[in-house]
Amino acid sequence: MSDLVESRADSTLAEFTADVCRRLASGLLDRTGDDLRDLVAQEVDGLRAALSDPSFLDTADAPSDPPFVSPKGYTTINTNPVTSRRNPLAPLVTIEHDGDVVEMTTTLSLPYQGPRGRVHGGYAAVLLDHVLWHAVRSRLDSVSFTRSLTITYEQALPIGTELTMTGRVTEIDGRKTFAAGEIKAGDVVCVRGEGLWVSPRPRT
Ligand SMILES: CCCCCCCC/C=C\CCCCCCCC(=O)SCCNC(=O)CCNC(=O)[C@H](O)C(C)(C)COP(=O)(O)OP(=O)(O)OC[C@H]1O[C@@H](n2cnc3c(N)ncnc32)[C@H](O)[C@@H]1OP(=O)(O)O
């Protein structure tokens, strides 16, 4: 990462706005009538205050995803739908590398619900794809793309409970990298995933 392309205050405002969108997205699904109106009014007031008085956000955390100019000279915004704090579709996640193992945590709210109380299976696959991609990326110099991903749903994956995703590389064979991992709720393995990541053929 090199030069930033907007002020810290503007990046903070953008991430605050994304947080507002996340709270509204949840509120729209678990509130009705006056409760929903109260939430909307509160969030709109917060946005107005943040826009009119920049000191309103002085105590906010440092922005985690400020746009930057890449080494190749492009203005870059992290658009990632799992990790970007600036993308309201992304839940808030932590990612840590511990040797060859990548661990990611998050708690999913109602916008990610499939069956009542359970995470939508497709979103569980998104989380595993992402954590496994990080495990693969940490072992390679080159970019790689998910070629296949097999998901096994063993137990219900709960909404509103902290989830831990882990991923590790199991084999590297030329352009092919195999990885496997799981999602746990507490000590219970709820979802397993394994897949293949392939680096594009070098240009000849
Ligand atoms: C400074 C750097 C900082 C980095 C960090 C920045 C932070 C940014 C954060 C985040 C960024 C992104 C986060 C992403 C996260 C999730 C990843 C995704 O969502 S990826 C998108 C979805 N996937 C695609 O769009 C791929 C679509 N597919 C393709 O483009 C091609 O298929 C491609 C390039 C992957 C491979 O194509 P081919 O034509 O080169 O090769 P083929 O025919 O597929 O086969 C390759 C080998 O694999 C075997 N193979 C294929 N399928 C297999 C299978 N199911 N099992 C076993 N082998 C298989 C084949 O037999 C072949 O093997 P033999 O080379 O002959 O030995």
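Look a little higher up for the structure.
Below you will find a few notes about this structure. Within any chain, residue numbers begin from 1 and follow the written order of that chain's sequence. Since the coordinates come from a predicted model, pLDDT governs what is reported: local features require at least 70, and pairs of side-chain atoms require 80 or more to be given and counted, while whole-chain, interface and lining totals use all residues. Where side-chain values are given, they derive from all heavy atoms of the structure, hydrogens and water being excluded.

On to the site of the ligand, then. Here a residue counts as near a molecule or strand whenever at least one of its heavy atoms sits within 4 Å of it. The immediate surroundings of the ligand are formed by 14 residues, with Thr-146, Arg-147, Arg-175, Lys-176 and Leu-196 found nearest. In protein, a polar contact means a hydrogen-donor-capable atom and an acceptor-capable atom, both N or O and within 3.5 Å, with residues adjacent in sequence counting only if both atoms are side-chain atoms; elsewhere, any N or O pair within 3.5 Å suffices. Within the contact set of the ligand, an oxygen atom lies 2.3 Å away from a side-chain nitrogen or oxygen of Arg-147. At 3.4 Å from an oxygen atom of the ligand is found a side-chain nitrogen or oxygen belonging to Arg-201. For the ligand, the accessible surface in isolation is 1400 Å², of which the surrounding protein chains cover 47%. Those elements giving two or more residues to the shell around the ligand turn out to be helix 3 (121–137), strand 5 (145–153) and strand 8 (188–198). When residue character is reported, Ala, Val, Leu, Ile, Met, Phe, Trp, Tyr, Cys and Pro are called nonpolar, Asp, Glu, Lys and Arg charged, and the others, Gly included, polar. Residue classes in the shell around the ligand are distributed as four nonpolar, four polar and six charged. Using a 1.4 Å probe, the Shrake-Rupley method yields the accessible areas, and only the shown protein chains count as cover for residues. Starting at the N terminus, helices and strands are each numbered in turn, a helix being any DSSP run of H or I of at least four residues and a strand any DSSP run of E of at least two.

So, about the pattern of salt bridges. Proximity of charged atoms lets side chains of opposite charge pair with each other. When a carboxyl oxygen of Asp or Glu is within 4 Å of a side-chain nitrogen of Lys or Arg, the pair counts as a salt bridge. All chains considered together, the criterion is met by eight salt bridges. The residue Arg-23 makes a salt bridge to Glu-43 at a minimum N-O spacing of 2.7 Å. Taken as a pair, Arg-23 in helix 1 (residues 8–30) and Glu-43 in helix 2 (residues 33–52) lie far apart in primary sequence, 20 residues in all. Residues Arg-139 and Asp-100 are paired through a salt bridge, measuring 3.5 Å at the closest nitrogen-oxygen approach. Remark: Asp-100 occurs in the loop between strand 3 (94–98) and strand 4 (101–107) and Arg-139 occurs in the loop between helix 3 and strand 5; sequence separation between them is 39 residues. Residue burial is assigned from relative accessible area. The probe radius is 1.4 Å, only protein chains are included, and a residue is buried under 20% of its type maximum, exposed over 50%, and partly exposed in between. You can call Arg-139 partly exposed: its relative accessible area is 39%. Judged by relative accessible area, which is 46%, Asp-100 ranks as partly exposed. Connected through salt bridges with shared partners, the residues Asp-19, Arg-22 and Arg-85 form a single ionic network.

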